[in-house]
Amino acid sequence: MSDHAVLHVKGRVLAGPDDVRDELWVVGGRVTYDRPAGAADIRTVEGWALPGLVDAHCHVGLGADGPVDADTAEKQALTDREAGALLIRDAGSPSDTRWVDDRDDLPKIIRAGRHIARTRRYIRGYAHEIEPADLVAYVGQEARRGDGWVKLVGDWIDRDLGDLAPCWPREAVEAGIAEAHRLGARVTAHCFAESSLRDLVESGIDCVEHATGLTPDLIPLFAERGVAIVPTLVNIATFPHLAAGGDDKYPRWSAHMRRLHERRYDTVRDAYDAGIPVYVGTDAGGSLPHGLVAAEVAELVTAGIPPVEALAATSWAARAWLGRPGLEEGAPADLVVYESDPRADVRVLAAPRRVVLNGRVVQ
């Protein structure tokens, strides 16, 4: 498809969950619903079109041992693109991936800077590992480096306790979140357990990753404050394997991880039922492969979220939450075309017919 070609998408265009159009046009890389006059070079794509999917917890540039080279990061991004994930919130990476912004064939990335963790309380090579007195300074640094987000590690195993425990005292969390907000950034945090959540939410956090520790007494607090969660259920599926590795040395931690895993679907469904915003994220990078966005949507449905709402969590609603357009008039033409209606069966997301990025058919 040449730079001057017009793309005609026809069939069903899901501009919103209930906003279904018969067609759209792509002119100059942007969406229009007005047929262009005098267009000669037209390519037609047929099917069910959705805004490019969102993976709101993904790590481009991160591998099992820390940062990866640019070639590996490119392969990660291309794998996400092939799965239809065209907008990524990179929830923490030690790699500088700004070069991706110069590539119109790679997904758009919203960065949260590098993870900020407590000393020796996270995966080696991933995070800035600091003490509470330095939290405000590092939050300020990462807020300036990121794209409107900062990522904290809210809890991790405390080896002296032999179980998950909060990483930060309440006063440090309050000051860090206030600094991020002062600089115009939102804050999210990795949290597996129950014990760190109240302090984080009452301190003004905007989002919690994983959120497996949500309990009935905490759910109303999240709902009242409008704190979103990104459950990453495809990652939570690994908890039994992780727990098995800690049975001998950290039996308390292992048992805790198994409990969190066992109630994962109830936790997500109860959060959704209470009105907590839920978004799709895979936690790709590190130990998980990229390209799992369709699997995560399916997991949300398994948890009891209605299919259209699970779809919204990776499309219309997720894009609005991140401040990026969907298929509005004049928006960048980032869309995915499927054989059948994904509202009827989200499993169709696993097999994109066409992927269009910045107005070009890239797959």
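These numbers were taken from a predicted model, which means no experiment stands behind them.

This part takes up the sheet that holds strand β5 (residues 53–58). Backbone hydrogen bonds hold the strands of a sheet together, and the pairing may be parallel or antiparallel. Spatially, β5-β8-β9 is the arrangement adopted by the 3 strands of the open sheet, whose pairing is parallel. Of all the strands in the sheet, the pair left with one neighbour each is β5 and β9 (108–111). Averaged over all pairs of adjacent strands, the angle between strand axes in this sheet comes to 20°, irrespective of strand direction. Of the strand pairs in this sheet, β5 and strand β8 (residues 85–90) are connected by 4 bridges, and their pairing is parallel. Counterpart to leucine 53 in the pairing with β8 is alanine 85.

Here the focus is the sheet that holds strand β4 (residues 42–51). Pairing within the open sheet is mixed, and its 7 strands lie in the order β3-β2-β1-β4-β18-β19-β20. Since the sheet does not close on itself, it has two edges, and those belong to β3 (30–32) and β20 (360–361), each with one partner. Here 2 bridges tie strand β19 (residues 354–357) to β20, and the two strands are oriented antiparallel to one another. Bridge pairing in β20 links valine 356 to valine 361.

This part is about the side chain of serine 196. By secondary structure assignment, the location of serine 196 is in the loop between β15 (186–191) and α4 (197–202). If we skip the residues at most four places from it in the chain, serine 196 touches Gly154, Asp155, Pro166 and Cys191.

With that settled, the discussion passes to the packing of aromatic side chains. The tally for this structure, following the rule as stated, stands at 6 aromatic pairs. On the basis of an interplanar angle of 80° and a centroid distance of 6.0 Å, the ring pair of tyrosine 122 and tyrosine 126 is categorised as edge-to-face. Classification of tyrosine 122 by relative accessible area gives buried; the value is 12%. Note on tyrosine 126: relative accessible area 6%, which makes it buried. The interplanar angle of 10° and the centroid separation of 4.1 Å between the aromatic rings of tyrosine 279 and tryptophan 321 together place this pair among those described as stacked. On the criterion of sequence distance, the pair formed by tyrosine 279 in the loop between α9 (264–273) and α10 (293–303) and tryptophan 321 in helix α12 (residues 316–321) is long-range, its members being 42 residues apart. There is no split in this pair, since tyrosine 279 and tryptophan 321 are both buried. Put simply, the rings of Tyr122, Tyr126, Trp156, Phe192 and Phe239 pair up and form one aromatic cluster. It is arginine 264 that lies over the ring of tyrosine 265; its NZ or CZ is 4.2 Å from the centre.

Here the focus is the environment of proline 352. By the secondary structure assignment, proline 352 is in the loop between β18 (335–338) and β19. Counting along the chain gives 14 residues from proline 352 to tyrosine 338, while the straight-line C-alpha distance between them is 5.1 Å. Sequence-distant contacts of proline 352, defined by excluding residues within four places in its chain, comprise Glu82, Ala83, Val336, Val337, Tyr338 and Gln363.

With 12 residues, helix α8 (residues 251–262) should cover 16 Å at 1.5 Å per step; its first-to-last C-alpha distance of 17 Å lies within 8% of that length. Of the positions making up α8, those classed as buried are Trp253, Ser254, His256, Met257, Leu260 and His261. Projected onto a plane normal to the axis of α8, the buried residues spread over an arc of 160° and lie on a single side. Structural note: α8 exposes Arg252 and Glu262 on the side pointing more than 90 degrees away from its buried face. As for α8, its buried residues are in contact with β13 (155–158), β14 (163–166), α6 (233–236), α7 (239–246) and α9.

Rules and cut-offs
Residues numbered from 1 in each chain as written. Predicted model: local features only at pLDDT ≥ 70, side-chain atom pairs only at ≥ 80, totals over all residues. Heavy atoms only, no water. Pairing = 2+ DSSP bridges. Helix = DSSP H or I, 4+ residues; strand = E, 2+ residues; numbered from the N terminus. Axes fitted to C-alpha atoms, helices over the stretch in contact; angles between N-to-C directions. Contact = heavy atoms within 4.5 Å. Phe/Tyr/Trp six-rings, centres within 6.5 Å; stacked < 30°, edge-to-face > 60°. Buried < 20%, exposed > 50% of the residue type's maximum accessible area, 1.4 Å probe, protein only. Lys NZ or Arg CZ within 6 Å of the ring centre and 35° of its normal. Expected span 1.5 Å × (residues − 1). Arc of directions from axis to C-beta.

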